[in-house]
Amino acid sequence: MSSSDSPVFTALYKQYQSQLISRITRLVGCRETAADLAQEAYIRLLGHRDLSNILSLSAYLFRIGHNLAMDHQRDPANKIEYLLLDETLPCPLLQPHEIVSLRQQCRLLLDTIASMPQGCRDVFLLRKIDGLSYSEISIRLNISEKTVQRRLVQAMLRCHRSMNQIVIR
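Residues numbered from 1 in each chain as written. Predicted model: local features only at pLDDT ≥ 70, side-chain atom pairs only at ≥ 80, totals over all residues. Heavy atoms only, no water.

A.B. asks: Requested: an account of the nonpolar core, with residues and values cited.
C.D. replies: In terms of nonpolar packing, the biggest core is built from 20 residues, with Leu12, Leu20, Ile24, Leu45 and Leu61 touching the most fellow members. Going through the elements one at a time, helix H1 (6–28), helix H2 (31–47) and helix H3 (57–74) are the ones with two or more residues in this core. The element that contributes the greatest number of residues to this core is H1, accounting for 7 residues. With 13 residues, the next largest nonpolar core counts Leu126, Ile137, Ile143 and Ala155 among its residues. (Core = buried A, V, L, I, M, F, W, Y, C linked by side-chain atoms within 4.5 Å. Buried < 20%, exposed > 50% of the residue type's maximum accessible area, 1.4 Å probe, protein only. Helix = DSSP H or I, 4+ residues; strand = E, 2+ residues; numbered from the N terminus.)

A.B. asks: If you had to explain the packing of H1 against H2 to someone new, which residues and values would you point to?
C.D. replies: Relative orientation of the contacting elements H1 and H2 amounts to 135°, with a least axis distance of 8 Å. For the element pair H1 / H2, the angle class is oblique. The handedness of the crossing between H1 and H2 is right-handed. Where H1 abuts H2, its residues Phe9, Leu12, Tyr13, Tyr16, Gln17, Leu20, Ile21, Ser22, Ile24, Thr25 and Val28 lie against Arg31, Thr33, Ala34, Ala35, Leu37, Ala38, Gln39, Ala41, Tyr42, Leu45 and Leu46. Taken together, the residues of the contact of H1 with H2 break down into 16 nonpolar, 5 polar and 1 charged. (Axes fitted to C-alpha atoms, helices over the stretch in contact; angles between N-to-C directions. Parallel < 35°, antiparallel > 145°, perpendicular 65-115°, else oblique. Left-handed = near helix turned anticlockwise from the far one by under 90°. Contact = heavy atoms within 4.5 Å. Nonpolar A, V, L, I, M, F, W, Y, C, P; charged D, E, K, R; others polar.)

A.B. asks: How would you explain a nonpolar patch on the surface if you had to name every residue and give the values?
C.D. replies: Residues Leu94, Ile99 and Leu102 make up a contiguous nonpolar surface patch of roughly 230 Å² in combined accessible area. Secondary-structure assignment places leucine 102 in helix H4 (residues 96–115). For leucine 102, a relative accessible area of 38% corresponds to the partly exposed category. (Patch = residues over 30% accessible without salt bridge, like charges linked within 9 Å, V, L, I, M, F, W, Y side chains within 5 Å. Areas by Shrake-Rupley, 256 points an atom, 1.4 Å probe, with all protein chains shown as cover. Salt bridge = Lys/Arg side-chain N within 4 Å of Asp/Glu carboxyl O.)

A.B. asks: Before we move on, can you summarise the packing of helix H5 (residues 118–128) against helix H6 (residues 134–141) with the specific residues and values?
C.D. replies: It is at 10 Å that the axes of H5 and H6 come closest, and there the two elements cross at 135°. By the angle between their axes, H5 is oblique relative to H6. Helix-helix and strand crossings are classified by hand; for H5 and H6 the assignment is right-handed. Across the interface between the two elements, Asp122, Val123, Leu126 and Arg127 from H5 touch Tyr134, Ile137, Arg140 and Leu141 from H6. Classifying every residue of the contact of H5 with H6 gives 5 nonpolar, no polar and 3 charged.

A.B. asks: Pulling in residues and values, what's your account of the environment of arginine 150?
C.D. replies: If you trace the backbone, arginine 150 turns up in helix H7 (residues 145–168). Sequence separation between arginine 150 and cysteine 120 is 30 residues; the distance between their C-alpha atoms is 8.7 Å.

A.B. asks: Break down the packing of aromatic side chains for me, with residues and values.
C.D. replies: The full count for this structure, using the stated rule, is 2 aromatic pairs. Look at tyrosine 13 and tyrosine 42: their rings are 4.8 Å apart centre to centre, the planes differ by 65°, and that puts the pair in the edge-to-face class. Of this pair, tyrosine 13 sits in helix H1 while tyrosine 42 sits in helix H2; the two residues are 29 residues apart in sequence, bridging distant segments of the chain. Here tyrosine 42 falls in the buried class, since its relative accessible area comes to 6%. Judged by centre distance (5.8 Å) and plane angle (90°), the rings of tyrosine 16 and phenylalanine 62 are edge-to-face. Highlighted residues: tyrosine 16 in helix H1 and phenylalanine 62 in helix H3, separated in sequence by 46 residues. Here tyrosine 16 and phenylalanine 62 have matching classes, each one buried. (Phe/Tyr/Trp six-rings, centres within 6.5 Å; stacked < 30°, edge-to-face > 60°.)

Okay, here's the thing in structure tokens:
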């Protein structure tokens, strides 16, 4: 029998697909992974040039599936590491009061930026948001680097004062 006997393989696929996936699932613990490995098993079986000395294609198919599952389990990239959580660690999710506080801080910062003089705001945004260097800002706004530095300091001081108001209240 050659691997090009598609009716035989089609029948084999229809008859054993769900059983093969179930058996591989028990080995790897994930139905989606098992379905992928079962598909790979069929592909490998189809890839054999001469299957005439194989007594049972179904048994051979299940052996290929088993071997693929074992290879999958041995691969360190597929290992799931279980970490013990320290019960004293705080919850990584923000608490409602923290969300409210952060929203207030963001609103205050945005209001502060919006209230800056145009020159300071432009320099601040080009530096802090766009990440441009002093010289790039200088060229873009057609001002000296010294003016860029002075305006950035003014903008940063405004932001700092605004954020300190929250702490003081």
